[in-house]
Structures are given as structure tokens and as C-alpha cells.
Amino acid sequence: MLFRSEILKSFTVSIINDQFDRGTRSFDLRLVNPVGEISVGTSSNVTITINEDDFRTVVPAGVSLVAGSESFTPANNAIDPNETVTVNFSLKNTGSINATNLVVTLLATNGVTAPSPSQTYGTLTNNGVPVSRPFTFTAGATQTVTAVLQLVDSGVPIGTATFTLPLGVTASYTNSTNINIPLGTSLPSVGAADVYPSSIIVSNATGVVNRITVTLNQFTHSWPADVALLLVSPRGQKMLLMQNAGGGFSVTNLVMTFDDLASSAAPELSRLASQSYKPTNYPPAYTFPAPAPAGPYSTTLSSVAGINPNGTWSLYVADDTAQNNGTIRNGWTLTLNSVVPQTDLAVSMTGAPEPVGYGSNVVYTVTVTNKSSVTAVGVTRSEEHTSELQ
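Residues numbered from 1 in each chain as written. Predicted model: local features only at pLDDT ≥ 70, side-chain atom pairs only at ≥ 80, totals over all residues. Heavy atoms only, no water.

Examining the sheet that holds strand S9 (residues 144-153)
No. 1: Strand order in the open sheet formed by four strands is S7-S5-S9-S10, with antiparallel pairing between adjacent strands. This sheet does not close on itself; its edge strands, each paired only once, are strand S7 (119-124) and strand S10 (156-166). If you compare each strand with its neighbour and ignore which way they point, the axes differ by 30° on average.
No. 2: The sheet contact formed by strand S5 (residues 99-106) and S9 spans five bridges and is antiparallel. Bridge assignment links Leu102 to a residue of S9, and that residue is Asp153. (Pairing = 2+ DSSP bridges. Helix = DSSP H or I, 4+ residues; strand = E, 2+ residues; numbered from the N terminus. Axes fitted to C-alpha atoms, helices over the stretch in contact; angles between N-to-C directions.)

Below, the structure written as C-alpha cells:
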């Protein structure tokens, strides 16, 4: 009840937190039944919304190829175009409540064909251990398959989880020569490393690059933020792996991998660790000494996707500030995932004139369309026709 001269009225609505995700709820507040000289204006109704704070957030937590599941022989421990495989997809619940009856469906999209039936993951405890289930599917004729898992918990859709699966064959190449950073071991020390660049020559690799990673083998430095790393491909792509990362926290014998698919970049102001990082660039920019190529530089390794992997890969290592030094004791490793792309040819034919009379000439036009990004070579045409056509 709102009395004369009152302009504000308070009331209490009890909200019970039941630990279930029931979605957003709302109710209406209306002004009704005015008495006396009071009238209700046009703004007599308001909707009050209660936002749910219990939620399930199911996210990707890893993927692995099931051993012995590859349909092509010999097996190469990789998913190849048009190959049927079984893959374990791992999921984790980072939400505030449990997923109690999670059912997952692999969708036939983005390079996934003929997926196996839905899998029951059951209970995923919030912030608990990941749960994995296998799915079988046939990969498309592409360089990357994006597997989309449709998530339903206790009959309620809760979104999707997406996994990116590179296709092809993986090979690793290592130059184990020690790299002193920089050239001199006495202080002050600044400039290019003593092996500059450190090179890896790839030969006899088939196909084109699908993805790459770069690993530093036993990296040591008294001030890692001084170190700048630049990778140059045989085709000239320039990728900045690390710059101004790790602060002044000394490290010893780290094995660090730079990978576009890593979960995070290298830290700017905390200690580096033996793990995978995304290529990382913090300001200010650094000018690498010659013969390193000038910028601009890419900060993603995917810039080499689709190139011929054969040739010289060069790693330029430099120290941009005096008074500290370090080494990469066992050099570096380049890991290439390559794929032989398959062409996708479509044939169509038209005839003219239409219709054609008996004894008349007819001209058939055959069109061959390459629907892929790969050049088709050695394409031949053959034809068969009945004796009525001469």
C-alpha cells in the first residue's frame, strides 16, 4: 500500500539458491487499484529480472588419437584427409555447479563426416577432473578439421565445445649446436648470439605445412626479458617467437615450446617455465642485427600454413640489453605437421543444340572445375559413347 505523499516503497523478495541452473527468471510489478484522487500513469508496470548465478561451463580439456584406430595403413599416428579414425575428446567443467548427466554429440560439420553416435559423459564435477569419451568419424579432404561437440545436460542444451584437429604427418628436426646469448660471455654483453642464425635444413618432406612448433632445448638466462627470438621460414615468412617475456627472473635449462595452440602466452613479469607458450611479443620493439630480416613480424606460426616445408629454417637469437647472458645448451627443434592436400574435381557437360535432330551435329562442352586450393596436375579425360554417335 502506498499512502498519500509517499514516493518510495520497499518490499522484500526471498531468492533461494538451490544449486541448479534454472536460467534467468523474471516477474512483473504492477501498480493497481488506486483509491481517491490518485490515478495510475502510463508507467504502471515494471519487469524485474533475476539472473541465475549457478552455471555449468563445459570446455575442451584435451584430445588424443586412439591407438590402432587409423583406417589407413601403415598408421602414422596422425589424422589424414579422408581417413576414418577414433579420437578421445576430453571435457572439463569450469562452472559453479556440477553437470549431472552430460550427453555429447559430435556434429557432422567443418570436416567431420559420418560421426559415431552420441556419448554419455555422465557427471562432470565443477572444477573437477576431465572426462574423456571416444568418437569415430571420417576426416574431410582438408588441412584442418574443427570438431564441434554439442552439449546437453539433463536434457538442457548448454552450448558446444570446439576442438581444432590438424591433419597430416608430423616430423621433427633438431640443430643441437649450443647457442650462446649473446656472442661474448664477458659482461657487459649485448647483441646477436654466437650462432646467428642457427639453421635447420628440411629436405624430402612431402606435402605442405599444416602447422609448426619450435622448441628451445635447455634455455638458460639470467634476465630472460633481454632475449628476442625470430624464426624465418624457407619461403621468407618472419615470425617473432618471444620478446620482452619472463622479466628479470633467471631460468636454467628450460625446455620451452612455442605453439599457436598453447593455452597462454609467455608471462611478461613472472618466471618462465618448461611448458608450451603461444608466440609472445611485449613492447618495446627490438631491431634484430643483420643479417636478420627487418620487420614487420608475424606473431602466429600459422603464417607458414600451406608453404613447401623444404629448405632452410633460420632461428635468430639476440640479447637486447647489456649486463646479462645465457645459452640454449642443446639448440632447438622444429616440428612440422605436413599434409598432402587432395584436389576436388567436379565434371559437368552440356550439349547444343537442344533438342538435336537425327543426322545433325551436336557439340558437347565438358567443364572440369577444381574446387580445392591445390593445383591439379596430370588430369586426363576419357569418353565412351554408343555406336549411334559418330
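Description of the pairing of strand S4 (residues 84-93)
No. 1: In terms of residue burial, S4 counts as a mostly covered element, since seven of its ten residues are buried.
No. 2: Bridge analysis of strand S3 (residues 58-65) against S4 gives seven bridges, and the strand direction is antiparallel. Among the inter-strand pairings, Leu65 is bridged to a residue of S4, identified as Val87.
No. 3: Relative to strand S8 (residues 131-139), S4 is paired through eight bridges, and the arrangement is antiparallel. Directly across from Ser90, in S8, lies its bridge partner Ser132. (Buried < 20%, exposed > 50% of the residue type's maximum accessible area, 1.4 Å probe, protein only.)

Here we look at the sheet that holds strand S6 (residues 112-113)
One key point about sheets: their strands pair by backbone hydrogen bonds, in either a parallel or an antiparallel sense.
No. 1: One open sheet holds the four strands; their spatial order is S3-S4-S8-S6, and the pairing between them is antiparallel. Here the strands that pair on one side only, and so sit at the sheet edges, are S3 and S6.

So, a nonpolar patch on the surface
No. 1: Together, Val347, Met349, Tyr364, Val366, Val368 and Val379 make up a nonpolar patch on the protein surface, roughly 580 Å² of accessible area in all.
No. 2: Secondary-structure elements contributing two or more residues to the nonpolar patch are strand S24 (345-352) and strand S25 (363-370).
No. 3: Per-element tally for the nonpolar patch: the top contributor is S25, with three residues.
No. 4: Among the structural elements, Val368 can be located in strand S25.
No. 5: Assessed through its relative accessible area of 47%, Val368 is described here as partly exposed. (Patch = residues over 30% accessible without salt bridge, like charges linked within 9 Å, V, L, I, M, F, W, Y side chains within 5 Å. Areas by Shrake-Rupley, 256 points an atom, 1.4 Å probe, with all protein chains shown as cover. Salt bridge = Lys/Arg side-chain N within 4 Å of Asp/Glu carboxyl O.)

Let's talk about the nonpolar core
No. 1: Judged by nonpolar contacts, the single largest core of 37 residues is most densely connected at Ile212, Phe219, Trp313 and Trp332.
No. 2: Within the residue set of this core, elements represented by two or more residues are strand S12 (179-181), strand S14 (198-202), strand S15 (208-221), strand S16 (227-232), strand S17 (238-243), strand S18 (251-258), strand S21 (311-319) and strand S23 (332-339).
No. 3: The element best represented in this core is S15, accounting for five residues.
No. 4: The residues touching Ile212, leaving out its near neighbours within four places in the chain, are Leu231, Met239, Leu301, Val304, Trp313, Leu334, Thr335 and Leu336.
No. 5: In terms of nonpolar packing, the next biggest core, distinct from the first, is built from 25 residues, Val85, Leu91, Leu124 and Val131 among them. (Core = buried A, V, L, I, M, F, W, Y, C linked by side-chain atoms within 4.5 Å. Contact = heavy atoms within 4.5 Å.)

Side note on the pairing of S16
In summary, the side chains of a regular strand alternate between the two faces of the sheet.
No. 1: Taking burial as the measure, the six residues of S16 include six buried ones, the bulk of the element.
No. 2: Burial of the side chains of S16 extends over both faces: Val227, Leu229 and Leu231 are buried on one face and Ala228, Leu230 and Val232 on the other.
No. 3: Of the pairings in the sheet, the one linking S16 to S21 comprises six bridges and is antiparallel in character. Bridge pairing in S21 links Val227 to Asp319.
No. 4: Pairing geometry for S16 and S17, over five bridges, is antiparallel. Pairing of Leu231 across the sheet is with Met239, part of S17.
No. 5: Hairpin remark: S16 followed by S17, antiparallel, with five residues in the connecting loop; positive phi at Gly236, about 100°.

Remarks on the packing of aromatic side chains
No. 1: Tallied over the full model, the rule gives five aromatic pairs.
No. 2: Consider the rings of Tyr196 and Tyr316, whose centres lie 5.1 Å apart with planes at 75°: the pair is edge-to-face. Taken together, the positions of Tyr196 in the loop between strand S13 (191-192) and S14 and Tyr316 in strand S21 put the pair 120 residues apart, joining distant regions of the chain. The two residues Tyr196 and Tyr316 agree in class, both being buried.
No. 3: Summarising the aromatic geometry, the rings of Phe288 and Tyr297 are spaced 5.9 Å apart at their centres and angled 85° between planes, so their arrangement reads as edge-to-face.
No. 4: The buried category is assigned to Phe288, whose relative accessible area is 5%.
No. 5: Over the ring of Tyr121 we find Arg133, and its NZ or CZ is 5.6 Å from the ring centre. (Phe/Tyr/Trp six-rings, centres within 6.5 Å; stacked < 30°, edge-to-face > 60°. Lys NZ or Arg CZ within 6 Å of the ring centre and 35° of its normal.)

With respect to the pattern of salt bridges
No. 1: Counted according to the given criterion, the structure contains two salt bridges.
No. 2: Arg56 is the partner of Asp153 in a salt bridge, and the nearest nitrogen-oxygen pair spans 2.5 Å. Of this pair, Asp153 sits in strand S9 while Arg56 sits in the loop between strand S2 (45-50) and S3, and the two are 97 residues apart along the sequence.
No. 3: The buried category is assigned to Arg56, whose relative accessible area is 13%.
No. 4: A salt bridge links Arg211 to Asp259; the nearest nitrogen and oxygen atoms lie 2.3 Å apart. Here the residue Arg211 occupies a position in strand S15, and Asp259 occupies one in the loop between S18 and strand S19 (276-277), the gap between them amounting to 48 residues.

What to know about the environment of Asn210
No. 1: Within the element layout of this structure, Asn210 appears in strand S15.
No. 2: Note on Asn210: relative accessible area 7%, which makes it buried.
No. 3: A C-alpha to C-alpha distance of 7.2 Å links Asn210 and Leu167, two positions 43 residues apart in sequence.
No. 4: Contacts of Asn210, omitting those with residues within four sequence positions, involve Gln143, Thr144, Pro166, Leu167, Ala305, Asn337, Ser338 and Val339.
No. 5: A polar atom in the side chain of Asn210 sits 2.6 Å from the backbone oxygen of Leu167. (Polar contact = N/O pair within 3.5 Å; in protein donor to acceptor, adjacent residues only side chain to side chain.)

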